[in-house]
Amino acid sequence: MVDPGFALLTFCGLCVLLLVLLWSKVGLLARWQRSSRLRERVLLEDTLKHVFVSRQDGVVCSVDSIAGRLEISAARAARLLSRLVQIELIRMGSDGPVLTQNGNQSAVRIVRTHRLWEKYLADRTGVPASEWHEKAEKMEHALSSEETDALEMRLGYPSWDPHGDPIPDSAGEIPPSTGIGLDQVESDCVAEVVHLEDEPREIYDGLLKDGFTLGGRIEVISCGERGIRVSASGREWTVDPVSAQNVSVRKLGKGESVEPKWRTLLDAQLGEGTRVVGISQACQGMQRRRLLDLGIVRGAEIIPEFVSASGDPVAYKIRGAIIALRSQQASLIRIERPTESQNSEVIG
Amino acid sequence: MTAVVASGCAGCSQHRVDSLVRLGLNPNKWDFLIALAGNPNVGKSTVFNSLTGLRQHTGNWPGKTIARAEGAFAYESKRMKVVDLPGTYSLQAGSADEEVARDFILFGRPDVTVVVVDATRLERNLNLVLQILDISDRVVVYLNLMDEAKRHGIGIDVAALERQLGVPVVSGVARENIGVDELVSAAFHVASGAEPTRPFRVEHFEDHIEETVLSVAQHVSSVFPHVPTSRWVALRLLNADDAVIEVVRSGELGRLGDTPDGSERLMPTLAEREHLLSTARRKRWELPTDFHDKIAERIYAVAQQVSEATQLKGLRRAGFDLDRVLDGLLTSRWLGFPLMLAILAAVFWITIEGANVPSALLANLLIDTVHPRLIEIGELVGLPWWLSGFLFDGIYLATAWVVAVMLPPMAIFFPVFTLLEDFGYLPRVAFNLDAMFRSVGAHGKQALTMCMGFGCNAAGVVATRVIDSPRERLIAIITNNFSLCNGRWPTQILIATIFIGALAPEQLAGVVSAAAVVAVAVFGIIVMFAASWMLSQTVLRGEATSFSLELPPYRPPRILQTLYTSVIDRTLVVLWRAVVFAVPAGAVIWLVSNIHIGDSSLAEHAVVSLQPLGFLIGLNGVILLAYIVAIPANEIVIPTVLMLTVLTVEMAGAGSGDGVMFELSNVGETGELLRAGGWTLLTAVNLMLFSLLHNPCSTTIYTIYRETRSKAWTLLATFLPLAIGVIVCFLVTQLWRLVSL
């Protein structure tokens, strides 16, 4: 008979071993996956993409920026560049690497796949916004151009990815991108967010948390050296200059105003009938279509009827039927404010 | 170069044979095809049953795990075929259900589409009606649940509705067969072309959108001249609808129209079709981003208009809203959960108590009576001992056991459960438990599949079809095994009575053993939550998607109807699958006990070699071998264990021979036999845990494979519970031994 103490210790040992191997991101398996990603072709494509995007954005591109972006050594970055020059995808210009005709084509193809995949994730899956870029980084090397074309068709030939970046079409054409950096906007104006830069990841996550959404409106209150003060959805906050560079906006005319904090379905009281004003843009894909199909369109009457035994979801009466919605969904449905019930015109 | 395609005469289904065959139908067997569409919960299946009676069968839509009911009836010496489409809220093709319904109406081109509408929810239902009217001319509306409408003080001017919609509208109460005859007659007249309809089409969107839609519609008409629904096609193209784009690209859209004089049709060239698609694409970029919203708004605005024009509200109504009172009770913060537990406990109690007698009777019949007869016949006919043993002691006995133990509880549990479903209570359960399930990354409806799993895991797996999101559905499928199914209750009860009840004083013994079984079941639920959480953090990551749950009104269940469908659809199907798997199991059990290598049977060799592993996890070789050969069904574990114990311990006078499973009617004797086989309290506890946690039975594994169509997930669903079971038993055993040293 095996000594129970010994058996238990062995078992714990095995568990620890498995953890070390499999713990996501830190474990050995994850490290091995990452290092196999650093295969030559993938690195070359990433370099091409970096050069392309830097040129597009008008940002400096150099061996160091490549090394930083790809998380490799400067020596390795230099080797990659010389390989690319060798296969005539890049030539070294006076202010850094420049894409050749072929290089441009390759880079556009990768960017296209990347952005289409992000659009797919945003529209057709429930993957959270903070993970789109990461996943697309992997997929961009995996799809062939036929597969990319098929994906584009399935998504309905979108022009913009969920960050607001233009998606090149199969011929390599890019719709013109509009917008100026938030750091370049003067104070006291209203603007619409047209682009949120997805790298570096930490800044992007911070922007999302602050409350920036693509297509959302903000009011720029003041800009100074320490940051830009903005207001949106009834809240005010300060954006530091570095993060502000990653937000592109389109100035709106004088007459336009920022939408007031929307009253959402969460604010409705039980038994209180209210009218729907619209569904927030943050709700997309299947979720949005299902809500529309159930009759939650502008002008629809909706009444919270009763609450679940655990507090969430809540049952609402819509078009004669009782539909249960979670609080997360209810927070995306905008309803009229009591004073607006006479006014049928709605801002936004 | 244009290709010429011959067309057939209008009103006849022969000329769309291809599409129909693709949809799994044989057009030679009927004269007219009726499609039945409608929102969920409108009583569509009641209408279907009224039309087809017993002449129906359920299958699946080709290539999908969505159930399809088909039936037939005769009318004026014509054969009418009825296909029940999945209940959908719209035809936007967002989910698989909507795709199936839309494709059937568009490509299958039924001779008439009957839309069943809930008279108490006219506005919402009109959304679907208006969309169907966009695709097809031949529509009949059946206004169901008029009695409920009356109860709520809603009256509907049917003639006015008919005028507004431009198609025949029949009102009635399907449950009481009111209005069904008129429906059949109206459907027949529309299908045969005797009554042409002038369906209402939703038009006049906002200026800019209307312009764009018109121009694309014109373009569609010029490329495909005979397609009657060019406006609808234009809308779908502008909405980037994959299926419609494909149909335009391939040219198949051209087959959908009828030429006015039945003459031949010209098909457009590839260039023309591609040009149409690229024009539509360009126009799409010019549309506002909330284009889809605006379309939905417009359709609903029309629906509201029509319903307001035809509804007469505020008639005298019943003063007491029973529904709200019931909801108040069943979802209340204090009473909701206790009531839920009470109802579930009642269902289980009814099942266990109700199944006792029938199970005993069946066992008596099949095992005590028929089995010896079969052996006699075998001797009479002169069958060699091994053939008689193989067939009667092995195969027949295993099958008989499975049927005797499985059939009665299932025949009670499923109907009772279905009655609860029909009544409308089950969605309230999902409503109450959704928050709990969401916190572990699953969906509220998993509560329902979990409950179903207590009846039979295979049925629980099939029940996961109600969960839309594939990720959440997989979580529900993989963790369903942790619901203690009917087949395992006898094992649990027996072992608890022998070993755990024995620890308590005589009067409390029954209560203590029952409590032990309940504790095991509750532990199973806890493991289910833990496993769901684990899965949603690792291999099934992702956020919750598009939750929506309709809480239908409470309706008196149709008892006979339910009994019939739940027996045919659920019980017999599962039973049949179980029998199919029990046959080889019985064969293996008998063979393993009677094939000798050296001087002991295979079974004895296996028991000896499995013993070390068994001991490590607190079981023994006999139990492990029993579980290996009883993969097919949990019901035969105890009989096999007893048979193997007798085999290895070589007790004289016990059992009926090698390879013959048996059970003792006396619990005390069973206990003695097991203790003679070396069983202790620890063994018993581990057996109860292992029985809860081990791999699913083969019926369930097969069902999982059918539903997921993926070997990888099936393997995970099979081995994850086994791994958890082994680990849990191991830990319990070692800790127990450590503590008792």
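On a predicted model such as this, the values are computed, not experimentally measured, just so you know.

Asker: Any chance you could break down the overall build of chain B for me, citing the residues and the numbers?
Answerer: Broken down by element type, chain B carries 29 helices and 14 strands. The dimensions of chain B, computed from C-alpha atoms along their principal axes, are 90 × 60 × 50 Å. Counting all 741 residues of chain B, 56% fall into the buried class. Carbon and sulfur atoms provide 62% of the accessible area of chain B, an area that totals close to 30600 Å². With 56 positive and 67 negative side-chain charges, chain B shows a spacing of 5 Å between the two charge centroids.

Asker: Quick rundown of helix α25 (residues 637–649) of chain B? Include the residues and the values.
Answerer: Residue and element names in this part refer to chain B. Between its first and last C-alpha atoms α25 spans 18 Å; for 13 residues at 1.5 Å apiece the expected length is 18 Å, and the two agree. Within α25, 11 of the 13 residues are buried, which leaves it mostly tucked inside the rest of the structure. If you check which residues of α25 are buried, you get Val637, Ile638, Pro639, Thr640, Val641, Leu642, Met643, Leu644, Thr645, Val646 and Leu647.

Asker: Go over the domain arrangement of chain A with me, naming the residues and quoting the values.
Answerer: Per the domain assignment, the segments making up chain A are domain 1 (28–99), domain 2 (180–251) and domain 3 (265–336). Between the C-alpha centres of domain 1 of chain A and domain 2 of chain A the distance comes to 29 Å.

Asker: I'd like to hear about the packing of aromatic side chains, residue by residue, with values.
Answerer: Residue and element names in this part refer to chain B. One pass over the full model with this rule turns up 17 aromatic pairs over all chains. Arranged with centres 4.9 Å apart and planes meeting at 45°, the rings of Phe437 and Phe529 form a pair that is tilted. Here Phe437, found in helix α16 (residues 425–439), pairs with Phe529, found in helix α21 (residues 509–537); they are 92 residues apart in sequence, far enough to count as distant. Like Phe529, Phe437 is buried. Feature note: the residues Phe348, Phe413, Phe414, Phe417, Phe454 and Trp489 constitute an aromatic cluster, connected by ring pairs.

Asker: Tell me about empty space enclosed by the protein, and name the residues and values.
Answerer: Residues and elements named next belong to chain B. Summed over the entire model, instances satisfying the criterion amount to nine cavities of 30 Å³ or more. Its volume calculated, the largest cavity comes out at about 140 Å³. Considering the residues around the largest cavity, the lining is formed by 13 residues, among which Gln92, Asp134, Trp232, Arg236 and Ile299 are closest to the centre. Listing elements by their share of the lining of the largest cavity, those giving two or more residues are α4 (122–135), α9 (230–238) and α12 (291–310). The leading source of residues in the lining of the largest cavity is α9, at three residues. In terms of residue class, the lining of the largest cavity is built from seven nonpolar, three polar and three charged.

Asker: How would you explain the interface of chain B and chain A if you had to name every residue and give the values?
Answerer: Listed by partner, the interface residues are 59 residues for chain B and 46 residues for chain A. Counting the contacts that link chain B with chain A gives five salt bridges. Glu297 of chain B is the salt-bridge partner of Arg298 of chain A, the closest N and O atoms lying 3.7 Å from each other. The residue makeup of the side of chain B that touches chain A, split by class, is 21 nonpolar, 18 polar and 20 charged. As paired elements, strand β13 (residues 321–325) of chain A and strand β12 (residues 549–550) of chain B share two bridges and run antiparallel to each other. The residue of β12 of chain B that forms the bridge with Ala324 of chain A is Leu549 of chain B.

Asker: Can you tell me about the sheet that holds β12 of chain B, naming the residues and giving the values?
Answerer: Pairing in this open sheet of seven strands is antiparallel, and the strands run β9(A)-β14(A)-β10(A)-β11(A)-β12(A)-β13(A)-β12(B) from one edge to the other. The open sheet is flanked by β9 (263–264) of chain A together with β12 of chain B, the only strands paired with a single partner.

Asker: I'd like to hear about a nonpolar patch on the surface, residue by residue, with values.
Answerer: Residue and element names in this part refer to chain A. Together, Leu14, Val16, Leu17, Leu18, Val20, Leu21, Leu22, Leu28, Leu29 and Trp32 make up a nonpolar patch on the protein surface, roughly 980 Å² of accessible area in all. Put simply, the parts of the chain that give the nonpolar patch at least two residues each are α1 (4–22) and α2 (28–37). The element that contributes the greatest number of residues to the nonpolar patch is α1, accounting for seven residues. Of note, Leu17 is situated in helix α1.

Asker: So what's going on with the pairing of strand β2 (residues 32–38) of chain B? Residues and values would help.
Answerer: Residue and element names in this part refer to chain B. Burial within β2 is extensive, with seven of its seven residues counted as buried. Here five bridges tie β2 to strand β5 (residues 78–84), and the two strands are oriented parallel to one another. Bridge pairing links Ile34 to Val82 in β5. Summarising the sheet, β2 and strand β6 (residues 112–118) pair through five bridges and their orientation is parallel. The residue of β6 that forms the bridge with Gly38 is Val116.

Asker: Describe the environment of Pro228 of chain B, naming the residues involved and giving the relevant values.
Answerer: Residues and elements named next belong to chain B. Counting through the fold element by element, Pro228 comes out in the loop between α8 (207–223) and α9. For Pro228, a relative accessible area of 54% puts it in the exposed group. Between the alpha carbons of Pro228 and Ser136 there is a distance of 8.6 Å; along the sequence they are 92 residues apart.

Asker: I'd like a description of the pattern of salt bridges, backed by residues and values.
Answerer: Counting across every chain of the model gives 31 salt bridges over all chains. Salt-bridge contacts for Arg326 of chain A lead to Asp434 of chain B; the nearest nitrogen and oxygen are separated by 2.8 Å. Taken together, the residues span two chains, with Arg326 of chain A in the loop between β13 and α12 (327–330) and Asp434 of chain B in helix α16. Considered together, Arg326 of chain A and Asp434 of chain B belong to a single accessibility category, that of buried residues. Linked by salt bridges that have partners in common, Lys49, Arg69, Glu137 and Glu140 of chain A make up one network.

Asker: Talk me through the packing of helix α20 (residues 489–500) of chain B against α21 of chain B; I want residue IDs and the actual numbers.
Answerer: Residues and elements named next belong to chain B. Contact geometry of α20 with α21 gives a least axis separation of 9 Å together with a crossing angle of 130°. For the element pair α20 / α21, the angle class is oblique. In the packing of α20 onto α21, the handedness of the crossing is right-handed. Residues Gln492, Ile493, Ala496, Thr497 and Ile500 of α20 lie in contact with α21, whose contacting residues are Val512, Ser513, Ala516, Val517 and Val520. Of the residues in the contact of α20 with α21, the class split is seven nonpolar, three polar and no charged.

Calculation rules
Residues numbered from 1 in each chain as written. Chains lettered and ligands numbered in written order. Predicted model: local features only at pLDDT ≥ 70, side-chain atom pairs only at ≥ 80, totals over all residues. Heavy atoms only, no water. Helix = DSSP H or I, 4+ residues; strand = E, 2+ residues; numbered from the N terminus. Buried < 20%, exposed > 50% of the residue type's maximum accessible area, 1.4 Å probe, protein only. Areas by Shrake-Rupley, 256 points an atom, 1.4 Å probe, with all protein chains shown as cover. Lys, Arg positive; Asp, Glu negative; His and termini not counted. Charge placed at Lys NZ, Arg CZ, Asp CG, Glu CD. Expected span 1.5 Å × (residues − 1). Domains from an automatic or database assignment. Phe/Tyr/Trp six-rings, centres within 6.5 Å; stacked < 30°, edge-to-face > 60°. 1 Å grid on protein atoms, 1.4 Å probe; cavity = no way out; pocket = protein on both sides within 12 Å on 5 of 7 lines; lining within 4 Å. Points joined across faces, edges and corners; volume = space filled by probe spheres on them. Nonpolar A, V, L, I, M, F, W, Y, C, P; charged D, E, K, R; others polar. Contact = heavy atoms within 4.5 Å. Salt bridge = Lys/Arg side-chain N within 4 Å of Asp/Glu carboxyl O. Pairing = 2+ DSSP bridges. Patch = residues over 30% accessible without salt bridge, like charges linked within 9 Å, V, L, I, M, F, W, Y side chains within 5 Å. Axes fitted to C-alpha atoms, helices over the stretch in contact; angles between N-to-C directions. Parallel < 35°, antiparallel > 145°, perpendicular 65-115°, else oblique. Left-handed = near helix turned anticlockwise from the far one by under 90°.

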